[in-house]
Amino acid sequence: MKNLDKRHYIIVGIWFLGNLLQALFTGLHSDESYYWMYSENLSWGFFDHPPMTALLIYLGHAVLPGEIGVRLIFILISSITFALILNELNEKKDLFFVSLFILSFPLIHTHIAGFMAIPDVPLLFFTTLFIISYRKFLKNPDWKISISLSLILAAMIYSKYHAFLIIGFTVLSNLKLFKNKYFYGIILLTVILLLPHVFWQIHNEFPTFKYHLVERAKPFTFKYILPYLGAQLAIAGPITGILIFWKLFRFKPENQFQKTLLFTILGFYIALFIISFKNRIEAHWIAAIIPMLIILTYPLIAGDLKFKRWFKRIALPVLVVMVLYRIYIALDVIPNTGHLKITFYNREASALEIKKLSEGKKVGFFNNYAAASNYIFYTGDSAVHLSTPTYRFCQFDLWDEEKYAEGEPLFTVQSKNLNPPNQLKTATGQTKGFLTIEKYQSLNGLTIKLEKTAETENKIEFFFLLNNNSGKTIYTQHVSNPVLAIMQNKTELTAVPLTASGKEMIVNNNSALISLSLSKKEIFQRNEPIIVYTRSKENYRGEIISLTLR
C-alpha cells in the first residue's frame, strides 16, 4: 500500500482497536450465531451462503473463544479493507476529511469494515482486491495478474453470490474482454476452483438457488419499491447521500476503469430496483458497490470546496450518532428500546433463561433458526429447530440435528405470532410462548411421492407413497398424531392421519400407501401449486412436496 504513511496506519489501527472492543462487548447478532453453526459443520456449501464465512469463523474461533473468536478474522480483514480504500483514495493532506468521508457510509461500520462475522465482510475484502487487480489487468494483462484475478474471483463467489453481479457488470462494461486470451484463462481457472462448491450444490439438489431464485419470489407488488429507494439514499450516507448521488450522476468516466466502476454501481442499483418489484430488498445488499462509490465520488467532493464544506457539516453529527449507536448496542446494561438493538441485546442472558425454564428437558425452537443457533452457542447444549408448514427452509433442513431429541420430551420456544401458550416476556424484551412436546418424533426422512390420482365430478383423490428413509421406525400411532396434509396459498385444505395407511408403524426402508381426498370446491386456484406435507399435532412439519394440478 504505497500511498499510506504512518498517519494512515494509525487511523487503521484505531479503527481495528475500536472494532475489537465492539466485538468483545457486543453479543452475537442473530445471523452470526447461525453462521457459527456453519463453522461447526464445515462443508463446501450451505443452504443460504457459500462456505467462506464458515471457514473464517472456524479459523478465528480455533484461536479465541466466545464472540471475539467468532469475529476475529473478520475484524482483521475488514481493517485491511479499510486500509485498501484509504490507499485508493491517496489522500495525503486532509486525513480528517478522508476518514470522515469513509465513515459517513453506515455499512462501513457493519458490513464492509466493521466487527460482524457476516458474508459481506469477506465479499467486500475480495471485491476491493478485485478492483485493484482489475485496474492492473487493464493496463498490463499477463498470466500472473490473470491467475491472481482467478483466485480473487473464486474467493468472491465463495464469500457471497452477489459476486456474480459484480463480475457480470464488469464484463458488460468492457466487451473487449472477449477478445482477450487472458480473459478465457481467468474464466477456466475460476470455474475449476469453484468445482467443489458446484458438486456440493448438485449433491444437495441446488438448495441455495431454489431458495433465492424460486422460493423467495413473490407476485408483482409496489410495496417494496419505495422502501428500497429510501434505503439506498440512507446507505450512501444519511443526508450526505444526496451530495454523493448528485456528484455521481454528473460524473463522466475518463477511462475504462472508471467506466467499469460507474457501470457496476448503476447496474447494481438498477438490478436491485427491478428485483424490488417482486421481493423485499435487504438494505445491506448494496454493500458490494460501496467501495466503488467511495473511490469514484471522493475526488469529486474533496475537489469541490463548497461541497466539501457542506459534507463536513452534515457528516460530522451523523458520524457522532453512529458511534453513539455502536456504544449503545455494545452495552446490555442500557435497555433495548423497540427494535433498535434487538438482534444483539441480551443474547447470552436469553439463552440461559430458556435453559433454566426447560428444567433439564431438551430444547427446540419453532421457526427461528437464529434463536436455535444462539441457544447452542451460549449454552453449549444442542437444540432442535422445528418448522411449521409455511416456514422457509434453512440449513437445519440439511442437517439431522432432530435425532438429538428423538423419543424424548421437548421444551419448545415459539414466537408470539404463532399464538403459543404460556407466554412471558423474556430477557431480550420479546414475548415468547413455551410448549412442551410430550414425546418428540421427527417426520423428516418420510418422503412423499404421488403415485396416482382419481378424479370425479366433485373431488380429487390422491394416492401417496410414503417411503421411510430416516434410518429409524416412524410410528403412525403416536402421541404426536402425525398426519398427511394439503395446503394451498398458506391455508391447509385437508389432512388425514397417517394411521389411514393401515400401518401402526413404517419401518426404515419400508413404505406405506395412503389416500387423501380433496373437494374441488376447496381448491382456490387449479393452476396454483398445492403443497403436500406431513406434520404433527403441534404443527411441526416433516417432508414437503409441491404439486400442480392439470
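For the structure itself, look to the data block above.
Read on for an overview of the structure. Just so you know, these numbers come straight off a predicted model, no measurement behind them. (Residues numbered from 1 in each chain as written. Predicted model: local features only at pLDDT ≥ 70, side-chain atom pairs only at ≥ 80, totals over all residues. Heavy atoms only, no water.)

### Things to note about the overall build of the chain
Scanning the chain from N- to C-terminus turns up 17 helices and 14 strands. Against the globule reference of 24 Å for 550 residues, the chain gives a C-alpha radius of gyration of 26 Å, in line with a compact fold. C-alpha atoms of the chain, sized along the principal axes, occupy 80 × 55 × 40 Å. Within the chain, buried positions represent 55% of all 550 residues. Nonlocal contacts in the chain, meaning residues at least 24 apart in sequence, comprise 70% of its contacts between residues at least 6 apart. Split by element, the accessible area of the chain, about 25,300 Å² in all, is 61% carbon and sulfur. Both charge centroids of the chain, one from 55 positive and one from 38 negative side chains, sit 11 Å from each other. (Helix = DSSP H or I, 4+ residues; strand = E, 2+ residues; numbered from the N terminus. Rg over C-alpha atoms; globule rule 2.2 N^0.38 Å. Buried < 20%, exposed > 50% of the residue type's maximum accessible area, 1.4 Å probe, protein only. Contact = heavy atoms within 4.5 Å. Areas by Shrake-Rupley, 256 points an atom, 1.4 Å probe, with all protein chains shown as cover. Lys, Arg positive; Asp, Glu negative; His and termini not counted. Charge placed at Lys NZ, Arg CZ, Asp CG, Glu CD.)

### Quick word on the packing of helix α6 (residues 120-139) against helix α13 (residues 256-275)
Contact geometry for α6 and α13: axes closest at 10 Å, N-to-C directions at 145°. Note on packing geometry: the crossing formed by α6 with α13 is right-handed. Contacts between α6 and α13 involve Ile-131, Tyr-134, Arg-135 and Leu-138 from the former and Gln-256, Phe-257, Thr-260 and Leu-261 from the latter. Looking at side-chain class alone, the contact of α6 with α13 contains five nonpolar, two polar and one charged residues. (Axes fitted to C-alpha atoms, helices over the stretch in contact; angles between N-to-C directions. Left-handed = near helix turned anticlockwise from the far one by under 90°. Nonpolar A, V, L, I, M, F, W, Y, C, P; charged D, E, K, R; others polar.)

### A few points about the sheet that holds strand β1 (residues 362-366)
Strand order in the open sheet formed by five strands is β2-β1-β3-β5-β4, with mixed pairing between adjacent strands. Two strands close off the open sheet at either side, each with one partner strand: β2 (384-386) and β4 (424-425). Pairing between β1 and β2: three bridges, direction parallel. Pairing of Phe-366 across the sheet is with Leu-386, part of β2. (Pairing = 2+ DSSP bridges.)

### A word on the side chain of Arg-541
Looking at the element boundaries, Arg-541 is found in strand β14 (residues 541-547). Residue class for Arg-541 comes out buried when judged on its relative accessible area of 5%. Side-chain polar atoms of Arg-541 contact the backbone oxygen of Tyr-391, separated by 2.6 Å. A distance of 3.5 Å separates a polar atom in the side chain of Arg-541 from a polar atom in the side chain of Asp-397. Sequence-distant contacts of Arg-541, that is, excluding residues within four places in its chain, are made with Ser-387, Thr-388, Pro-389, Tyr-391, Arg-392, Phe-393, Asp-397, Asn-444, Thr-534 and Arg-535. (Polar contact = N/O pair within 3.5 Å; in protein donor to acceptor, adjacent residues only side chain to side chain.)

### Describing unusual backbone geometry
Its identity is not glycine, yet Asn-90 carries a phi of approximately 55°, on the positive side. On the basis of relative accessible area, Asn-90 is assigned to the partly exposed category, the value being 39%.

### Considering the environment of Ile-112
Within the secondary structure layout, Ile-112 lies in the loop between α5 (95-103) and α6. Between the C-alpha atom of Ile-112 and that of Glu-359, which follows or precedes it by 247 residues, the distance is 42 Å. Not counting residues within four places of it along the chain, the set of residues in contact with Ile-112 comprises Ser-78, Thr-81, Leu-107, Val-121, Leu-124, Ala-287, Ile-290 and Pro-291.

### So, the sheet that holds strand β13 (residues 530-535)
Pairing in this open sheet of four strands is antiparallel, and the strands run β10-β9-β13-β14 from one edge to the other. Each edge of the open sheet carries a strand with a single partner, namely β10 (491-497) and β14. Averaged over all adjacent pairs, the angle separating strand axes in this sheet is 20°, with direction ignored. Alignment of strand β9 (residues 483-488) against β10, held across six bridges, turns out to be antiparallel. When the sheet's bridge partners are listed, Val-483 is paired in β10 with Pro-497.

### Describing the packing of α13 against helix α14 (residues 290-302)
At a minimum axis separation of 10 Å, α13 and α14 run at an interaxial angle of 130°. Classified by the angle their axes make, α13 and α14 are oblique. The chirality of how α13 crosses α14 is left-handed. Two secondary-structure elements touch here, α13 through Gln-258, Leu-261, Leu-262, Thr-264, Ile-265 and Tyr-269 and α14 through Met-292, Leu-293, Ile-295 and Leu-296. Among the residues forming the contact of α13 with α14, the class breakdown is eight nonpolar, two polar and no charged. (Parallel < 35°, antiparallel > 145°, perpendicular 65-115°, else oblique.)

### Details of the pairing of strand β3 (residues 410-415)
The element β3 is largely enclosed, with a buried count of six among its six residues. Here β1 pairs with β3 via four bridges, running parallel. Along β3, the bridge assignment pairs Lys-362 with Leu-410. Of the pairings in the sheet, the one linking β3 to strand β5 (residues 431-437) comprises six bridges and is antiparallel in character. Bridge pairing in β5 links Phe-411 to Thr-436.

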